[in-house]
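Take a look at the letters that make up each chain.
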Amino acid sequence: MRIDKANSENIRNAADVIKKGGLVAFPTETVYGLGADGLNPIAVAKIFEAKKRPSFNPLILHIAFKEWIEKFCYVNDDKVYRLINKFWPGPLTLVLPKRSSVPDIVTSGNPTAAIRMPDHPVALKLIEESGTPIAAPSANRFGHLSPTEASHVSKYLGDKVDIILDGGKSAVGVESTILQFHENEFYLLRHGGLSKEEIENEIGKIKSGTVDPDRPNAPGQLPFHYSPQTPLKFFDSKFLDETKKIGALFFKKNTLSFPFSNVKILSQSGDLREAAANLFSYLHELEKQNLDLILVEPVEEKGLGRAIMDRLKKAANQHS
Ligand code: TXA
Ligand code: MG
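Residues numbered from 1 in each chain as written. Chains lettered and ligands numbered in written order. Predicted model: local features only at pLDDT ≥ 70, side-chain atom pairs only at ≥ 80, totals over all residues. Heavy atoms only, no water.

## Observations concerning the overall build of the protein
Inference 1: Looking only at helices and strands, the protein has 10 helices and 15 strands in total.
Inference 2: At 20 Å, the protein has a C-alpha radius of gyration in line with the 20 Å of a compact globule built from 320 residues.
Inference 3: C-alpha atoms of the protein, sized along the principal axes, occupy 60 × 45 × 30 Å.
Inference 4: Looking at the 320 residues of the protein, the share that counts as buried comes to 52%.
Inference 5: Expressed as a percentage of contacts within the protein between residues at least 6 apart in sequence, the contacts between residues at least 24 apart total 66%.
Inference 6: Roughly 14200 Å² of accessible area belongs to the protein as shown, and the carbon and sulfur atoms make up 46% of that amount.
Inference 7: Averaged over its 41 positive side-chain charges, the protein has a centre that lies 3 Å from the centre of its 39 negative ones. (Helix = DSSP H or I, 4+ residues; strand = E, 2+ residues; numbered from the N terminus. Rg over C-alpha atoms; globule rule 2.2 N^0.38 Å. Buried < 20%, exposed > 50% of the residue type's maximum accessible area, 1.4 Å probe, protein only. Contact = heavy atoms within 4.5 Å. Areas by Shrake-Rupley, 256 points an atom, 1.4 Å probe, with all protein chains shown as cover. Lys, Arg positive; Asp, Glu negative; His and termini not counted. Charge placed at Lys NZ, Arg CZ, Asp CG, Glu CD.)

## A few points about the domain arrangement of the protein
Inference 1: When the domains of the protein are assigned, the result is domain 1 (2–208) and domain 2 (232–318).
Inference 2: Of note, the centres of domain 1 and domain 2, computed from C-alpha atoms alone, are 30 Å apart.
Inference 3: Contacts between the two partners involve 14 residues from domain 1, matched on the other side by 15 residues from domain 2.
Inference 4: Counting each side, the surface lost to burial between domain 1 and domain 2 is near 1300 Å², with a carbon and sulfur contribution of 67%.
Inference 5: The interface formed by domain 1 and domain 2 contains 1 salt bridge.
Inference 6: Summed over the shared surface of domain 1 and domain 2, the number is 2 residue pairs in polar contact (both at pLDDT 80 or more). (Domains from an automatic or database assignment. Buried area = accessible area lost by both parts, 1.4 Å probe. Salt bridge = Lys/Arg side-chain N within 4 Å of Asp/Glu carboxyl O. Polar contact = N/O pair within 3.5 Å; in protein donor to acceptor, adjacent residues only side chain to side chain.)

## Here we look at the sheet that holds strand 15 (residues 293–296)
Inference 1: On the basis of which strands lie adjacent, the open sheet formed by 4 strands has the order 12-15-13-14 and parallel pairing. Whereas interior strands pair on both sides, the edge strands pair on one side only; in this sheet they are strand 12 (232–234) and strand 14 (262–265). Pairwise comparison of adjacent strand axes, ignoring direction, gives a mean angle of 20° for this sheet.
Inference 2: Inspection of the sheet shows strand 13 (residues 246–250) paired to strand 14 by 4 bridges, in the parallel sense. Bridge assignment links G247 to a residue of strand 14, and that residue is N262.
Inference 3: Helix-sheet contacts for helix 9 (residues 272–287) involve strand 12, strand 13, strand 14 and strand 15, and the interaxial angle to strand 13 is about 170°.
Inference 4: Against the sheet, helix 10 (residues 304–318) touches strand 12, strand 13 and strand 15, its axis set at about 120° to strand 12. (Pairing = 2+ DSSP bridges. Axes fitted to C-alpha atoms, helices over the stretch in contact; angles between N-to-C directions.)

## A look at the sheet that holds strand 3 (residues 33–37)
Inference 1: An order of 1-8-2-3-7-4-6-5-9-10-11 is seen for the 11 strands of this open sheet, with the pairing classed as mixed. Unpaired on one side and paired on the other, strand 1 (2–5) and strand 11 (207–208) mark the two borders of the sheet.
Inference 2: Note: strand 1 against strand 8 (residues 163–166), 4 bridges, orientation parallel. For I3, the partnering residue across the bridge sits in strand 8 and is I164.
Inference 3: Its contacts with the sheet put helix 4 (residues 78–87) on strand 5 (92–97), strand 9 (177–182) and strand 10 (185–190), and the angle it makes with strand 5 is roughly 155°.

## Comments concerning the packing of helix 2 (residues 41–51) against helix 9
Inference 1: Running from amino to carboxyl end, helix 2 crosses helix 9 at an angle of 110°, the nearest separation of the two axes being 8 Å. It follows that helix 2 is roughly perpendicular to helix 9 by the angle criterion. Contact with helix 2, carried on its side by P41, I42, A45, K46 and E49, involves R273, E274, A276 and A277 of helix 9 and no other residues of that element.
Inference 2: The class makeup of the residues in the contact of helix 2 with helix 9 is 5 nonpolar, no polar and 4 charged. (Parallel < 35°, antiparallel > 145°, perpendicular 65-115°, else oblique. Nonpolar A, V, L, I, M, F, W, Y, C, P; charged D, E, K, R; others polar.)

## Examining the pattern of salt bridges
Inference 1: Per the counting criterion, the structure on display carries 14 salt bridges.
Inference 2: Residue K264 pairs with E285 through a salt bridge whose shortest N-O separation is 2.9 Å. Here K264 is found in strand 14, whereas its partner E285 is found in helix 9, with 21 residues between them in sequence.
Inference 3: One salt bridge connects E300 with K302, and the closest N-O pair in it is separated by 3.5 Å.
Inference 4: On the accessibility criterion, E300 (54% relative accessible area) is exposed.

Here it is as structure tokens:
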């Protein structure tokens, strides 16, 4: 790990690290972010590994130009453009239906993506030079305070990042405000650097809290978590019923002679990063097959294996 002063040369080097799939901590106006190429699933898996999150959390995509929003999200309301024109760059994250260009690991399998344009010259330059949206959570370990200086990042994540770009203190100091647009309404998911009043001055009344509390389990409506609609269980011989259409998700290889309708292997080399990077897209693919059941092989609960197991256990519980 290196702490580099954020001058042009060092920003260019950091952009090379991003392009090669590495991790760069960088300043934004809110807090420091732990960034990776948002279009490279393996690089994004490294973020979860470094943060030691017990589970996957959807990440914010950071962009350098307002127009990039169209590449990654569907924008189908004028009010969204009004917000962007008024508050970007700035501490406002928008949650919108995602395009297929955004890998599932970025959104934890959700059909929506969170996106913002940070108001910090170093962040903007880094993204521009990388030529890709940068997926980044706050650069703290899970459960710790968000970092507002480079030294905070090195204290908690020092050995996990390739480069920390030092751009001084974050001016805003709290995370961005998160606003979801869903079925013609705006929902404030997280209070942050931009106040509710400022937003309402621009677009009128918005709702607080999560989307549609009356129908929290309607498909695609949960703001944070995704589980397949098909029942999912951990492998057990009692589930191996040949009259059913069963799909299988193995870690390294298919170890059973059962006639599965569909088999997915998370990582033939047994690499947890690759497994994490594939997890959500494979679950989506299995879900599309109209199976009666998805059987999954547990992975060892170490490193990213914990996050993978956390997600699979939640999915299994949903159908028990
Ligand atoms: O100011 C910030 O937003 C900072 C800087 C680095 O940009 N980032 C940040 O990221 O606070 P993070 O990962 O610590 O918090 C992002 C929040 C999480 O609570 C996550 O669940 C939520 O955004 N989020 C991301 N994608 C979402 C989605 N598709 N739907 C709902 N919530 C989402
Ligand atoms: Mg955070």
